[in-house]
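Residue-level structural notes
As a plain string of letters, each chain reads:
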Amino acid sequence: MPFITTHLQPFWKEEPDNGKGKTAAVVCSSLSVPLLCPQPCLDHRANLPAPQPALSIVPEEADMPNSEQGCGSPLELFHRIAAQGELVRGLKARGAAKDEIDSAVKMLLSLKTSYKAATGEDYNVDCPPGDPAPESGEGLAATDADEDFVDPWTVQTSSAKGIDYDKLIVRFGSSKIDKELVNRIERVTGQRPHRFLRRGIFFSHRDMHQILDAYENKKPFYLYTGRGPSSEAMHVGHLIPFIFTKWLQDVFNVPLVIQMTDDEKYLWKDLTLEQAYGYAVENAKDIIACGFDIKKTFIFSDLDYMGMSPGFYKNVVKIQKHVTFNQVKGIFGFTDSDCIGKISFPAIQAAPSFSNSFPQIFRDRTDVQCLIPCAIDQDPYFRMTRDVAPRIGYPKPALLHSTFFPALQGAQTKMSASDPNSSIFLTDTAKQIKTKINKHAFSGGRDTVEEHRQFGGNCDVDVSFMYLTFFLEDDDKLEQIRKDYTSGAMLTGELKQELIEVLQPLIAEHQARRKEVTDGIVKEFMTPRKLFYDFQ
């Protein structure tokens, strides 16, 4: 996904629709600049039409501004007060109900009290505290060096171990995939859980128990995942959701739709429409090479499919009508200078979550639930989708979230297709794989062999070991490698060699399968058609 110059990161929890048309409180929150909204995403300009019903989202308790809880750094509080003041002015300008205004004012006064307690001074709009200003280049997201930054376009952490996913679960309001859920998946499917589940690589979910209930009761559901085709070559990190989705398709025997967001890449990247579509086709070949069943899989380009599918486009428009500009600014950090294509795109990524977007597969059925395997950075799109769904008469999509595949240089960031040395590409030769791992893979070993033998290595930060957790199937061997490296019995060079011996044949086999994917096979996968599945 492309990077957007913004520091907004929403941390939302969902609240069931109370059926009364009443808007709940929301915190449109970033790592550093929450916007506190009793009625969220209000358009403050009086000459515009009335805002859409607000998203039914409530904040984490820890994010609520009150004098009893620590509200972050003085600079965080300063920006929160500014945002809350704007909200109060907007509510008054449109003549909002007295209780809404009073609630917003109460929040504003509470923030000012916390600010004075933290700084010893009253809030003054013209005098920000002495924290580093955003113009320093670090931006608002960097005001707390200990915090992780995750949004659909960038992933950053100061920890060599990578993102703290337990904290991310709390911030995003999702649920942890615990041992009980993994065991239930095994019981329901009769299959050993995939290594990604066994090892916590897919670690978080929304409503997975609903999907298992449906499967046990022989009710239908389908899978939806996607790829943003920003370049012709994919790297091994891009395979993670597709490897897992392939396993899900096999064990549940359900249809799958794969969205190629070439329109998004045209909007965000310096690409022509023809280049974006060409990348979609080339990436589709790598996806097909993962082994998906052509009888149960539909791959589509947004640029191609939306123009031929009224059902899909109607759902896009329905979603667009129920999400305001201020809402997408709060969710995704868009600014007034972003093109309108970016602002409207989230509705396009949301639309495949609803079964009647694919009438050739599901006819006019609107009750078939969707399960979306994706990386956790894509969750903001689907938090928005899940809130809109009941308001347009559709079931909420369920989600399974994966961790990030780290760059060779360390777990502080995810892999980047723009940096060839940060990634192992699916086009790399055996020699290139060996060279990249030996030269660039971050090591958890000691400075000298003697120290390493004495104190052992650190698997928590060693990239070669991290990669093995993704790709080495044998649990016993992985555990033995961990013990040997941690004790000092295995050196860094030996650990890297273990990874080389896993990745070289894996990528060679993928390349061989890809060569067999002809343009005709791609066209067949990408042709709208009825798919084969068991449920009625």
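Thresholds, definitions, all that
- Residues numbered from 1 in each chain as written.
- Predicted model: local features only at pLDDT ≥ 70, side-chain atom pairs only at ≥ 80, totals over all residues.
- Heavy atoms only, no water.
- Helix = DSSP H or I, 4+ residues; strand = E, 2+ residues; numbered from the N terminus.
- Buried < 20%, exposed > 50% of the residue type's maximum accessible area, 1.4 Å probe, protein only.
- Areas by Shrake-Rupley, 256 points an atom, 1.4 Å probe, with all protein chains shown as cover.
- pLDDT = per-residue confidence, 0-100.
- Contact = heavy atoms within 4.5 Å.
- Axes fitted to C-alpha atoms, helices over the stretch in contact; angles between N-to-C directions.
- Parallel < 35°, antiparallel > 145°, perpendicular 65-115°, else oblique.
- Left-handed = near helix turned anticlockwise from the far one by under 90°.
- Phe/Tyr/Trp six-rings, centres within 6.5 Å; stacked < 30°, edge-to-face > 60°.
- Lys NZ or Arg CZ within 6 Å of the ring centre and 35° of its normal.
- Polar contact = N/O pair within 3.5 Å; in protein donor to acceptor, adjacent residues only side chain to side chain.
- Pairing = 2+ DSSP bridges.
- Arc of directions from axis to C-beta.
- Core = buried A, V, L, I, M, F, W, Y, C linked by side-chain atoms within 4.5 Å.
- Domains from an automatic or database assignment.
- Salt bridge = Lys/Arg side-chain N within 4 Å of Asp/Glu carboxyl O.

**Looking at the overall build of the chain**
Across its full length, the chain carries 21 helices and 15 strands. Out of the 536 residues belonging to the chain, those deemed buried represent 54%. Surface accessibility of the chain: about 23,200 Å² in total, with carbon and sulfur atoms responsible for 51%.

**As for the confidence of the model for the chain**
Put simply, the chain has an average pLDDT of 82, and 78% of its residues get 70 or more. Contacts for the low-pLDDT stretch residues 1–71, under 50 throughout, to residues beyond four places or in other chains number 193 contacts. When the criterion is pLDDT under 50, residues 131–145 qualifies, and its contacts beyond four places in sequence or with other chains add up to 21 contacts.

**Structural notes on the packing of helix α11 (residues 310–321) against helix α13 (residues 340–350)**
Axis angle and axis distance: for two packed helices, these are the angle between their axes and the distance between the axes, and together they describe the pair. Across the interface, α11 lies against α13 with an axial gap of 8 Å and an inter-helix angle of 130°. Classified by the angle their axes make, α11 and α13 are oblique. Between α11 and α13 lies a crossing whose hand is right-handed. Contacts between α11 and α13 involve F312, V316, I319 and Q320 from the former and S344, A347, I348 and A350 from the latter.

**Quick word on the packing of aromatic side chains**
A complete count under the given rule lists 31 aromatic pairs for this structure. Ring geometry for Y224 against F382: centres 6.0 Å apart, planes inclined by 85°, an arrangement best described as edge-to-face. Taken together, the positions of Y224 in strand β9 (residues 221–227) and F382 in helix α15 (residues 379–388) put the pair 158 residues apart, joining distant regions of the chain. Across the pair, F382 and Y224 agree in class, each one buried. Relative to Y381, the ring of F332 has its centre 4.8 Å away and its plane inclined at 40°; by these criteria the two rings are tilted. Of the two residues, F332 sits in helix α12 (residues 325–332) while Y381 sits in helix α15, which places them 49 residues apart along the sequence. Both residues of the pair, F332 and Y381, belong to the buried class. Joined through ring pairs, the aromatic side chains of F196, F202, F244, W247, F405, Y467, F470 and F471 make up one cluster. If you follow R383 out to its NZ or CZ, it ends over the ring of F172, 4.4 Å from the centre.

**Here's the deal with the side chain of K436**
Position of K436 relative to the elements: it lies in helix α16 (residues 430–440). Only 2.9 Å separates the side chain of K436 from the side chain of D428, close enough to count as a polar contact. Apart from residues no more than four positions distant in its own chain, K436 is found in contact with L408, P420, S423, I424, F425, D428 and A441.

**A short note on the pairing of strand β8 (residues 202–206)**
Among the 5 residues that make up β8, 5 are buried, leaving the element largely enclosed by the rest of the structure. Judged from the 2 bridges that link them, strand β7 (residues 175–176) and β8 form a sheet pairing that is antiparallel. Among the inter-strand pairings, S175 is bridged to a residue of β8, identified as H205.

**Focus on the side chain of S353**
By the element assignment, S353 lies in the loop between α13 and α14 (359–362). Residue S353 is classed as buried on the basis of its relative accessible area of 2%.

**Observations regarding unusual backbone geometry**
Unlike most non-glycine residues, K218 shows phi in positive territory, near 60°. Examined against the element boundaries, K218 turns out to sit in the loop between α6 (208–216) and β9. The residue R363 is not glycine, and still its phi comes out positive at about 60°. Position of R363 among the secondary structure elements: in the loop between α14 and β12 (369–375). Judged by its relative accessible area of 47%, R363 is partly exposed.

**Some details on helix α3 (residues 165–172)**
For α3, the full list of buried residues reads Y165, L168, I169, R171 and F172. Axial view of α3: buried residues confined to an arc of 165°, hence all on one face. At the N-terminal boundary of α3, the capping side chain belongs to D164, with an oxygen 3.2 Å from the backbone nitrogen of D166.

**Structural notes on the sheet that holds strand β11 (residues 297–301)**
Here 7 strands make up an open sheet; going across it, the order is β7-β8-β13-β12-β9-β10-β11 and the pairing mixed. Unpaired on one side and paired on the other, β7 and β11 mark the two borders of the sheet. Pairing analysis gives 5 bridges linking β9 to strand β10 (residues 256–260), with the strands arranged parallel. Opposite Y224, over in β10, you have V257 as the bridge partner. Packing against the sheet, helix α9 (residues 273–288) makes contact with β9, β10 and β11, and its axis sits at approximately 145° to β10.

**Digging into the nonpolar core**
Ranked by internal contacts, the top residues of the largest apolar core, which has 68 residues, are F202, M208, I299, L371 and I424. When residues are assigned to domains, this core turns out to be shared by domain 2 (149–410) and domain 3 (430–516), each giving three or more. The contact partners of I299, leaving out residues within four places of it in the chain, are I258, M260, A284, I287, I288, F525 and M526. Listed in part, the 39 residues of the second largest apolar core include Y224, Y305, I331 and F382.

**Quick notes on the pattern of salt bridges**
One pass over the full model with this rule turns up 27 salt bridges. Residue R198 pairs with E473 through a salt bridge whose shortest N-O separation is 3.2 Å. Here R198 is found in helix α5 (residues 195–198), whereas its partner E473 is found in the loop between α18 (463–471) and α19 (475–487), with 275 residues between them in sequence. For the salt bridge of K246 with D250, the shortest nitrogen-to-oxygen distance reads 2.6 Å. Of the two residues, K246 and D250 both sit in helix α7 (residues 236–252), 4 residues apart, roughly one turn of that helix. It is possible to trace a salt-bridge network through shared partners that takes in R192, R195, R198, R199, E473 and D475.

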